[in-house]
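Each chain, written out:
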Amino acid sequence: MGDLPPYPPLDPTTYDLIIVGTGVSESILAAAASSSGSSVLHLDPNPFYGSHFASLSLPDLTTFLHSNSLPPPPPPPPPPSHDPSDFLSVDLVNRSLYSSVEITTFESSILDDERYSRRFNVDLCGPRVLFCADESINLMLKSGSNNYVEFKSVDASFVGGDSSGELRSVPDSRAAIFRDKSLGLQEKNLLMKFFKVVQAHLAAASSTEIDETAVTITDEDMESPFVEFLAKMCLPPKIKSIILYGIAMLDYDQDNAETCGNLLKTKEGVARLALYITSIGRFSNALGALIYPIYGQGEIPQAFCRRAAVKGCIYVLRMPITALLLDKETGDYKGVRLATGQEIFSQKLILDPCITVGLESMSSLTDQQKETVRVLVPKAISSKERVARGICIIRSSVKADVSNALVVYPPKSLFPEQLAAIRVLQLGSGLAVCPADMHVLYLSTVCDNDDQGKAALLSAMSTLIKPQVPENLQSESVVENDPAEAKPTVLWRALYVQELVKGEFGGSISSASSPDGNLNYNEIVKSAVELYEQLIGGEELFKEEKTPEEENDAGAENED
Amino acid sequence: MHGRPRKVYKPEEEAASAAKAVKFRSLQSQFLSNHHNKIYTKEAIDLSTKLLEINPEAYTAWNYRKLAVEDTLSRQESDPDLVKSVLDEELKVVESSLKQNVKSYGAWHHRKWVLSKGHSSVGNELRLLNEFQTLDSRNFHAWNYRRFVVELTNRSKHDELKYTEFMIGNNISNYSAWHNRSVLLSSLLERKADGFMPSQKIPEEYELVHNAIFTDEDVQSGWFYHLWLLDQTVNVETPLLISSWPPHGSRINLSRAGCLNDSSSSSKLTTFPLILYFDQAVGGVSSSTVAIDSELKGIEDLVWEPVSNKNSQVSCVWVARLKYMSSEPCFFPKEYKVKVRIGNSPGIVSSRGFNFSVPYEFVFTARVEDTVQEEPREVIVSWTDGFDIWDAQSEDLKNLVNLDQLNGQMDFKWRQEAIAEEIDLFRTLPDSNSKIGKLTIARLLMAKATMSENDVKGVHYEEILKLYNDLMALDSTHYHYYKDEHSVALLRKVTSSTESLSRHLFRYSDMNNSVCLRLNNSSLSRIASVEKLLFVQMLDLSHNELHSTEGLEAMQLLSCLNLSHNRIRSFSALDSLRHLKQLRVLDVSHNHIGEHSVDTTRYLCSSPLSNSEWSQDEVGRRMTPSLVTKYWDAYFVLRDLNLKQLDIAGNVVAGEEFSSFVPQVVPTLVWLNGHKLRS
């Protein structure tokens, strides 16, 4: 960060809101605030949009992970000599969001060969997809940022890890249940009946007329654990597992209250199914429930940023901030000092989740000042706030004839100690994320600690791909189940564990969310919307942007 | 398309459509003048194009274009390029019309017509169809046209079968796709194409439709397809002889009294019927296809007649009247062996075109006895007493009743297995208590009974009867259907064994111990299993719910029939009795004849009195024409019956006037409504 090119001073120097970091929640807030007429300065220390949600080339991804996982760099250079005496300057430090980063290249041509190296758009926050009926899609349609992204369908979703070793497609619709080869007739019947009950419940819930005859799920059932409701519907374990982990996309073993923490209630489960059901067929050109943006997930924050820019938000990339400026008297937030040394002022500040106040700086602050910067103080990290992620570049596909697919391994399906579901997303060149003969495979699982998470991911990898022993590296001894199987070969692999940080409102200074362990953006969008309401007041996001009619016409641009 | 609400038009839209109509009318009158003047210039044709683009339903315009094309082709036949361009232009017009209205009969028909002219390429058609069928996968016009194109291009039926599977996979409610599948399979199974042996393919199809039905029991298309499959399983293509009179191995006594012959007949030439009962309607039964070996005289000029209400030459039942001479004095009974051989020479063909291919023969013994000629007593048959219970074990019963079906030779193994599997499976259907679930199990059990008569005992019939009883209570809309099926099952149960049948059999002592079957008070709404009852001479069907006598025509030995207290609404409903040459006693009292003034069967012929069978002169000689006109339906039925006793009381029609009319039509009548007409 020392090699910053000379940068002309920013003008104006005062804004309603300064946002640092271009992740999804920061970008939504930038677009929402600029749309409502606030002046916004949106900064990012990186040379690309998206921060922790970016899609990068392999070298850039490697660099980003390494630079964000090193122990915090030494305190930045002391403030410039012309220290303005008006403000108290509080130095900021980067905390590392990533740990145990392990990047292995099995075939060096992937990095060296000009044909390949720049043709990757690899997500930092993968595996991640959008449901057609997601709140994030609604928000994009509402804000008009959908004009900057194109989506394609994820062709299939599978549940893996049953005894046969086969990937079973998720029977998520009547047609899919009918076509399914692995379900028995009774199972098909029970599953479809269950879907009908859920659909009838949703229809009754959404209709304005009160229909006494409508079959709904009782209030008592709605408050009971979802697993119990599934059992009440006579669903056999195999189907329960498909619904819980392949459709409702749950992480923890719902049959084990101990490891799961709190069991999902039926009403939450039904809400998740509702999302899935309403996703199917929302857009006529989307085949299933899931879609993925062409050129990678990094397109999503970028689309909101473009929308914000149209509404007058000012963007500066490659611009870290080094310090906060607080009022000496009151301890109130006043502004920030850029890496160029320029001081910029604003009413409010929103920061990337990895920007914190160093402990040594904290000691010298008054209580009032501490209160202002409280959201920037790193808190003790509880055990369940990590997600292990893996990225594999593979040759050929994990499932013949399918390019873009989601695979879920429910808890305990790969090995008895497997705590949480492992989700795997394979994407192909059709989504412009990799060269034509390859696929990108994303894996993730929530975990208590790095070793546990990585072990789970390696186990999933070993079932899906042929291990390659790197020339110079001692790899873990992975036992191949069936050497005869035509499994894809891995060319490049990254494994890392990411800390989960939730956005927090702190008055004048707030922090945004890091990527979470979920498949979609719903939690992140929800917290961004909450933060917006707290910052700006009860005003609705993007309320004036579009009439409902236009919204329908727009749809998600979805080419297939 | 499906599930779209009807649009309500706003006033301004209505105004716009009125303006459009004015424009259209002027276009149309211009077009019609071209049409009438046979103008086929380019401008005139373009005008029709415009018309069709606005309204693809303009049939006249399509016909005009056909004439125009014919006109052009007649002048340009020699130039193939020009012919092609003319036809291609037609296809283009059709395509744009279909985009306007994808369900336009005229447009689809015109396209077929263009293709039938040859010359043009058909490769494009499947592409177009795929487009339309993606748009609306259930458009039956498109499916219809698809079959036409496939036939024309000789596209492989296997590929088409795969296409239906694909379409069903997308939406199991696509009835058109299921239907097309059944059409394709019928043709492949009939041709015995490679891999399409019924014994192998039909079980595979069952598996497919199980997936649909179990996935969603509310999918009607699946149930329809299942019913079609069941039909394929039960019905054997080749016609079979299922019963005969006299039965194989039987010994029958031929004596005048036993046959209840007319006393007035002075001839000693006596006949008795020979009945062949097939499982499906067949034609071509004649003395060349049915050979009879016997020393019995009078079999040379045997005439086989179809016994059918329709005036057709196909029927399930064929009868020949075997004559025998009893003129020579014969004080000792004489026995003759009669051997009947059927199907040794080809010619018996089912209405669906399949040959009776399994030759069959049966032998019976005719014992001719010249009994002392008692003057037949003119007694009234009372139906109340004189019935003697018949011992089921007695030999003469077994002699008359042959309950074994004659289909032993056919291979029913895979069919029986398939039905057994279906029954087991549908018993596990979680909603087997649904209407369609119950109905399917009842139908399957019936099919099982049909195919393995000897293995199925009463238990199954009890279950079938219970299922239909449940269904009548559950689903009143289809009550009459269930009631009929219940009657069929009940009659099948009665005729399933000698034991159960004998409970209903009696000897009527007042009439030379005639064999009497009493099925009164059985709540029957239709007649079935007649093939097992060919020996019956007296039949008591009183106190049932019958609407018609259809089916009884096969019971050629029947001489007394009691239909009192039923639901017969007209004489037309008794039409089948005209075939019963030996019927002498008929009781139709307490029915609904004449109650309903509008008899729908009247509309089948514009005016009964213009019927060629009926000649005013012939009638005029014997009876009052005004009464014939009034009671024409009674006339047509009764004039063919040689009744001695008729009971008609308790019907609306039965008044004094009608009572005076009946003896005119039936001169042989002795007893009317219990009163003797002449001494």
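The structure this text deals with has already been given above.
Treat the numbers as computed from the prediction; the structure is a model and nothing was measured.

Draft legend 1. Seen up close, the sheet that holds strand E2 (residues 251–254) of chain B. Residue and element names in this part refer to chain B. If you trace the four strands from one edge of the open sheet to the other, you get E2-E9-E7-E4, paired in mixed fashion. Two strands in the sheet have a free side with no partner beyond their single neighbour: E2 and strand E4 (290–294). Neighbour-to-neighbour, the strand axes of the sheet open up by a mean angle of 25 degrees, direction not taken into account. Relative to strand E9 (residues 360–368), strand E7 (residues 334–342) runs antiparallel, the two sharing nine bridges. Looking at E9, one finds that Lys337 is bridged to Thr365.

Draft legend 2. Examining the packing of helix H13 (residues 413–427) of chain B against helix H14 (residues 435–451) of chain B more closely. All names here are of chain B. Where H13 contacts H14, the axes come no closer than 10 Å and their chain directions differ by 155 degrees. When the axis of H13 is compared with that of H14, the two are roughly antiparallel. With respect to the hand of their crossing, H13 and H14 are arranged in left-handed fashion. Residues Arg415, Gln416, Ile419, Glu422, Ile423, Phe426 and Arg427 of H13 pack against Thr440, Ile441, Leu444, Leu445, Ala447, Lys448 and Met451 of H14. In terms of residue class, the contact of H13 with H14 is built from eight nonpolar, two polar and four charged.

Draft legend 3. The sheet that holds strand E17 (residues 671–672) of chain B, seen in detail. All names here are of chain B. Read from one edge to the other, the open sheet built from nine strands follows the order E10-E11-E12-E13-E14-E15-E16-E17-E18, with strand pairing classed as mixed. Looking at strand neighbours, the two that pair on one side only are strand E10 (387–389) and strand E18 (675–676), the edges of this open sheet. Here strand E14 (residues 560–562) runs beside strand E15 (residues 585–587); their pairing, made up of three bridges, is parallel. In the sheet register, Leu561 faces E15, and the bridge partner there is Leu586.

Draft legend 4. Spotlight on the nonpolar core. Residues and elements named next belong to chain B. Ranked by internal contacts, the top residues of the largest apolar core, which has 151 residues, are Leu539, Leu541, Leu561, Phe571 and Leu638. Looking at this core, the element that brings in the most residues is H14, giving nine residues. Not counting the four nearest positions on each side in its chain, Leu539 is found in contact with Trp383, Leu517, Leu519, Leu552, Met555, Leu558, Cys560, Leu561 and Asn562.

Draft legend 5. Focus on the interface of chain B and chain A. Each side of the interface is counted separately: chain B has 21 residues, and chain A has 12 residues. Across the chain B/chain A interface, buried area totals approximately 1,400 Å², and carbon plus sulfur atoms make up 52% of it. For the chain B face of the interface with chain A, the top three residues by lost area are Asn211, Phe214 and Thr215 of chain B, together amounting to 39%. Across the contact surface, chain B and chain A share four salt bridges. Of the charged contacts in the structure, one is a salt bridge between Glu217 of chain B and Lys193 of chain A, with a shortest N-O distance of 3.2 Å. Sorting the residues of the side of chain B that touches chain A by element identifies helix H8 (157–170) and helix H10 (198–215) of chain B as the ones contributing at least two each. Looking at the side of chain B that touches chain A, the element that brings in the most residues is H10 of chain B, giving six residues. Here the side of chain B that touches chain A is composed, by residue class, of nine nonpolar, eight polar and four charged.

Draft legend 6. Broad picture of the pattern of salt bridges. Under the counting rule described, the total for this entry stands at 48 salt bridges over all chains. Notably, a salt bridge pairs Glu335 of chain B with Arg251 of chain B, separated by 2.5 Å at the nearest N-O pair. Of the two residues, Glu335 of chain B sits in strand E7 while Arg251 of chain B sits in strand E2, which places them 84 residues apart along the sequence. Taken together, the shared-partner salt bridges in this structure form one network comprising Arg174 and Lys196 of chain A together with Asp216 and Asp218 of chain B.

Draft legend 7. The arrangement of empty space enclosed by the protein in detail. All names here are of chain B. As enumerated under the stated definition, the model contains three cavities of 30 Å³ or more in all. The calculated volume of the second largest cavity comes to roughly 50 Å³. Around the second largest cavity, the lining residues are Leu491, Leu517, Leu519, Ile527, Ala528, Val530, Leu533, Leu539, Leu541, Leu552 and Met555. Residue composition of the lining of the second largest cavity, grouped by class: 11 nonpolar, no polar and no charged.

What counts, and where the lines are drawn
Residues numbered from 1 in each chain as written. Chains lettered and ligands numbered in written order. Predicted model: local features only at pLDDT ≥ 70, side-chain atom pairs only at ≥ 80, totals over all residues. Heavy atoms only, no water. Pairing = 2+ DSSP bridges. Helix = DSSP H or I, 4+ residues; strand = E, 2+ residues; numbered from the N terminus. Axes fitted to C-alpha atoms, helices over the stretch in contact; angles between N-to-C directions. Parallel < 35°, antiparallel > 145°, perpendicular 65-115°, else oblique. Left-handed = near helix turned anticlockwise from the far one by under 90°. Contact = heavy atoms within 4.5 Å. Nonpolar A, V, L, I, M, F, W, Y, C, P; charged D, E, K, R; others polar. Core = buried A, V, L, I, M, F, W, Y, C linked by side-chain atoms within 4.5 Å. Buried < 20%, exposed > 50% of the residue type's maximum accessible area, 1.4 Å probe, protein only. Buried area = accessible area lost by both parts, 1.4 Å probe. Salt bridge = Lys/Arg side-chain N within 4 Å of Asp/Glu carboxyl O. 1 Å grid on protein atoms, 1.4 Å probe; cavity = no way out; pocket = protein on both sides within 12 Å on 5 of 7 lines; lining within 4 Å. Points joined across faces, edges and corners; volume = space filled by probe spheres on them.

So far we have only geometry, and geometry alone does not tell us how the molecule works.
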